Each structure stands twice: as structure tokens, then as C-alpha cells.
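Letter by letter, the chains look like this.
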Amino acid sequence: MDLEKLCQALPKLELHAHLNGSLSMDTLKKLYKMQNPNSKSSEDTLMSIKNFSSLDECFKVFNIAHSLTTTPEAVFHSTYDTIKEFKEDNVIYLELRSTPRAIEGKMTKQEYVEAIIKAFEICKTDFPNILLKLLISINRKQGYKAAQDNIELAINFFKKYPQYIVGLDLSGDPMTGSTFLELLRKARLAGLKIAAHCAEVPNETETIDILKFKPDRLGHCTCIHPTLQGSSKLFNLLLDSKIPVELCLTSNIQCKTVSTYESHQFKYLYEVGHPICLGTDDKGVFHTSLSHEYKIASSTFGLKQEQLLKLCLSSIEYTFATLEEKQALLYEIEKFAKECN
Ligand code: 6MZ
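Given the structure is predicted, the values throughout are model-derived calculations rather than measurements. (Residues numbered from 1 in each chain as written. Predicted model: local features only at pLDDT ≥ 70, side-chain atom pairs only at ≥ 80, totals over all residues. Heavy atoms only, no water.)

It is worth spelling out the overall build of the chain at this point. The secondary structure content of the chain amounts to 16 helices and eight strands. Taken against the 2.2 N^0.38 rule, which gives 20 Å for 341 residues, the C-alpha radius of gyration of the chain at 19 Å falls within 12% of a compact globule. When its C-alpha atoms are laid out on the principal axes, the chain stretches across 55 × 45 × 40 Å. Here the chain holds 341 residues, and the buried ones make up 56% of them. Taking all contacts inside the chain whose residues are at least 6 apart in sequence as the whole, residues at least 24 apart take part in 75%. Carbon and sulfur atoms form 52% of the exposed surface of the chain, whose accessible area is close to 14,900 Å². (Helix = DSSP H or I, 4+ residues; strand = E, 2+ residues; numbered from the N terminus. Rg over C-alpha atoms; globule rule 2.2 N^0.38 Å. Buried < 20%, exposed > 50% of the residue type's maximum accessible area, 1.4 Å probe, protein only. Contact = heavy atoms within 4.5 Å. Areas by Shrake-Rupley, 256 points an atom, 1.4 Å probe, with all protein chains shown as cover.)

Further remarks concern the packing of aromatic side chains. Overall, the coordinates contain eight aromatic pairs when judged by the stated rule. Their ring planes at 70° and their centres at 6.2 Å tell us that tyrosine 144 and phenylalanine 180 sit as a pair that is edge-to-face. Note that tyrosine 144 is positioned in helix H8 (residues 143-160) and phenylalanine 180 in the loop between strand E4 (165-171) and helix H9 (181-189), a separation of 36 residues in sequence. Relative to tyrosine 270, the ring of phenylalanine 266 has its centre 5.3 Å away and its plane inclined at 15°; by these criteria the two rings are stacked. Here the residue phenylalanine 266 and the residue tyrosine 270 both occupy positions in helix H13 (residues 265-271), the gap between them amounting to four residues, near one helical turn. Given the relative accessible area of 0%, phenylalanine 266 is considered buried. Here a set of aromatic residues connected by ring pairs shows up, and it is made of Phe76, Tyr80 and Phe127. The ring of phenylalanine 213 is capped by arginine 188, whose NZ or CZ atom sits 4.2 Å from the centre of that ring. (Phe/Tyr/Trp six-rings, centres within 6.5 Å; stacked < 30°, edge-to-face > 60°. Lys NZ or Arg CZ within 6 Å of the ring centre and 35° of its normal.)

Tallying each qualifying case throughout the model produces two cavities of 30 Å³ or more. Looking at the largest cavity, the residues that line it are Arg140, Leu170, Ser171, Gly172, Pro174, His197, Cys198, Ala199, Glu200 and Glu206. The set of elements that each furnish at least two residues to the lining of the largest cavity consists of E4 and strand E5 (193-198). Class assignment of the residues belonging to the lining of the largest cavity gives a composition of four nonpolar, three polar and three charged. As a volume, the second largest cavity reaches approximately 40 Å³. If you go around the second largest cavity, the residues you meet are Leu55, Glu200, His220, Thr222, Ser251, Asn252, Cys255, Thr257 and Asp281. Per-class residue counts for the lining of the second largest cavity are two nonpolar, five polar and two charged. (1 Å grid on protein atoms, 1.4 Å probe; cavity = no way out; pocket = protein on both sides within 12 Å on 5 of 7 lines; lining within 4 Å. Points joined across faces, edges and corners; volume = space filled by probe spheres on them. Nonpolar A, V, L, I, M, F, W, Y, C, P; charged D, E, K, R; others polar.)

Further remarks concern helix H11 (residues 232-241). Listed in full, the buried residues belonging to H11 are Leu234, Phe235, Leu238 and Ser241. Each buried residue of H11 lies within a common arc of 125° when the element is viewed along its axis, so the set occupies one face. Positive backbone phi, at 60°, marks lysine 242, one or two positions downstream of H11. (Arc of directions from axis to C-beta.)

What follows covers the pairing of E5. On a regular strand, one side chain projects to one face of the sheet and the next to the other, so that they alternate. Within E5, five of the six residues are buried, which leaves it mostly tucked inside the rest of the structure. The sheet contact formed by E4 and E5 spans four bridges and is parallel. Bridging from a neighbouring strand, aspartate 169 pairs with alanine 195 of E5. Crossover connection from E4 via H9 to parallel E5: handedness right-handed. As paired strands, E5 and strand E6 (residues 217-220) are joined by four bridges and run parallel to one another. In the strand pairing of E6, alanine 196 is matched with leucine 218. With helix H10 (residues 204-213) bridging E5 and the parallel E6, this β-α-β connection has right-handed handedness. (Pairing = 2+ DSSP bridges. Right-handed = clockwise from strand over helix to strand, strands pointing away.)

Here we take up the nonpolar core. Counting 103 residues, the largest nonpolar core has Leu168 and Phe266 as its most contacted members. Per-element tally for this core: the top contributor is helix H7 (residues 109-126), with eight residues. When neighbours within four sequence positions are excluded, phenylalanine 266 is seen to be in contact with Leu247, Leu249, Ile276, Leu278, Ala297, Phe301, Leu303 and Leu311. Judged by nonpolar contacts, the second largest core, of nine residues, contains Phe52, Leu55, Val61 and Val201. (Core = buried A, V, L, I, M, F, W, Y, C linked by side-chain atoms within 4.5 Å.)

With that settled, the discussion passes to the layout of surface pockets. Summary: where empty space remains is shown by rolling a probe the size of a single water molecule over the atoms. The calculated volume of the largest pocket comes to roughly 550 Å³. Counting residues per element, the ones that place at least two in the lining of the largest pocket are helix H2 (19-22), helix H5 (55-68), strand E2 (91-98) and strand E3 (131-139). Per element, the largest residue contribution to the lining of the largest pocket is eight residues, and it comes from H5. Of the residues in the lining of the largest pocket, the class split is seven nonpolar, 15 polar and nine charged. Within this model, the second largest pocket holds a volume of roughly 460 Å³.

Attention now goes to the pattern of salt bridges. One pass over the structure, following the stated rule, counts 16 salt bridges. One salt bridge connects arginine 217 with glutamate 95, and the closest N-O pair in it is separated by 2.6 Å. On the criterion of sequence distance, the pair formed by arginine 217 in strand E6 and glutamate 95 in strand E2 is long-range, its members being 122 residues apart. Each member of the salt-bridge network shares a partner with another, and the members are Glu95, Arg97, Asp169, Arg217 and Glu246. (Salt bridge = Lys/Arg side-chain N within 4 Å of Asp/Glu carboxyl O.)

Structure follows, in C-alpha cells:
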């Protein structure tokens, strides 16, 4: 099987996908039409989503998607379409993450999360081969009160829908805000798993604090790179922690936080056998797919079929799924592996 076909056919697990960053151009156009039924052109407004060249500018791009997901109906369609697209890419397990937003007169944070759950419920019937979970995100830029509200919301939804709501994600512009680790500790005690973005920009003190907190998974870890000056201490701390890292190759290249695919931290973590998994981050913003990320990993780091399958298999362990669900995922991937031989 050629590489492209193999990466497409692999039963993959997506553990790092932000909902509003994952919206495809088709979904954005659809949402634009829903919001502006009489407008003829959506292209110009939406095209600016392609124009960014740094992490800072990337965060401005999210405003476009956010301006179109301001009602429960729009959030529902966004979630449904995104799940469908991941399913079409042969993703068998999808952990979406999203920051609940309240829009005055249009939507409460509670309704935002309910709209996602409603889409999950319908997708469960429409696309039974993809297992769905949700992490409630905390945007570090939005401050303590918003973080507290989102955690309370997550705990309440976790009680009602433990089959879907599995944890919290700490994300947002890494140049600002705080990590709210004391709040995350409370959430952990309530049974929620924690995935934290870590070291997207250089910040040794914060990185050490996060590593000491021991989230269940870490996102990016871009600046914990053994070749960066003074970073070997952080790299060793990360290795000792054994915390799985979600790696998003294209995202880091497009945001210019890593200069080349060849020098991506994937190489160093993979070489020493640190637990890692691949994710898209924001497939709409970065025009990628999980198959494409596997293809890049394969062609850049020389991963063959056996290693790609191992990458999928090992990701199972890092999911926030139940033991039973993990066994079902294992069965799916092993079945595929047998069919390949
Ligand atoms: C940190 C990111 C991110 O939550 O509105 N987000 N946070 N680093 C990244 N790397 C590029 N990509 C996305 O999805 C969009 C939000 O996800 C976070 C940001 O807070 C962004 O506003 P939701 O569904």
C-alpha cells in the first residue's frame, strides 16, 4: 500500500483537536450563510483565515470561527460537521476540546456545551464507528473567574454525561494569562483528567510548575527541546515525568514555533521512546488532517507501516477512554493490522 493510502486507511486516534480551530472552509461557509442568509459573498471574509505567519497571528484567526459560532445551532453544526470529517479521515477515537462561550442574548455556556453533547448523541447513531469524548477548555487569557466557571461547568457535565465529558484542557495564547493550577487540582479531585498545553513559548518557571503538577497529558512541549540552549534540564524533567505528549507537527511549523519538520521535538521524543501521539491541533486553520500528520511523520522520520501502526496502538493508552473502550479500539487496530499482512 502506498504511504498516502496507508495513512488514510490507518484507524487513527485524535487526542488534540480544538473545535473552533478544526472547522473546515466548507463548515465556515455554511455557518456564514446561516448567519448572513442574504449575503452573496463569504469567501473574502473567510479567506483571511489563511493569512498568518506566527503564533500571535494564529490566535487572531480564531476570532473568525468564533464570530460564526455564536448560537447553539451553529455550535451543533460545527461539532457535527467536524466529527463527520474526522470520521471520513478514518479517525476511530476523537477527543474534541472546546472553550464554552456565552454570547449575550444568544447562548449561555451551559447551552454551548449542550449543543456539543447533542451533536455527539446524533453522531453516535449516524457514525457509530467513531468514539467521541469532550474536554472542556480553559482559555488562560480569559482570567480566573472564567476558568472557575468552566471547571464548575465541566464537573457538572461530567456528573451527567461521564461517557462524553472526560476532562479539562488548559489552552489559549501562551504569551498571556496564567495556568490556574490550583483550580485544575480541584477538578482532578472531582475525577476529571487534565491535558495541559505546555512550553509553546519559552517560560522555564511555568514549564516546571506544569511538569510538577503532572497533568495526564501535555500539549506541544515545543520549547522543551534538547537542542535549545539551556533546555536539556527541562527535557530531562519531561522524560522523567513520563507524561504523554500530544504533538502537532504542521501547527508548530505554520506558527513558526519550530523551524523545520526535521528538527521537530517529535524526533527527540520518539528516539528515546517517550510516550507521544500525533494530533492536528486546528485542522481547519492549518489545512491539515490526521492522515496528513501521519504522512509527514512517516516521510520526515522514516516511519514504516509497522511503526505507524505502533503509533496508533500506543495512543490508545493515552486516551481518556474506559478500559472497555480501550479494548474495543485495540481490537479495531489489530484487525486492520491483520488485514494489511
Ligand atoms: C493554545 C490553542 C491553540 O476552544 O474555541 N487553541 N491554544 N495553543 C494553540 N496552538 C496553535 N490552538 C487553539 O477553539 C479555539 C481555541 O483553542 C485554543 C485557543 O484558546 C482558541 O481560541 P475553541 O473550540
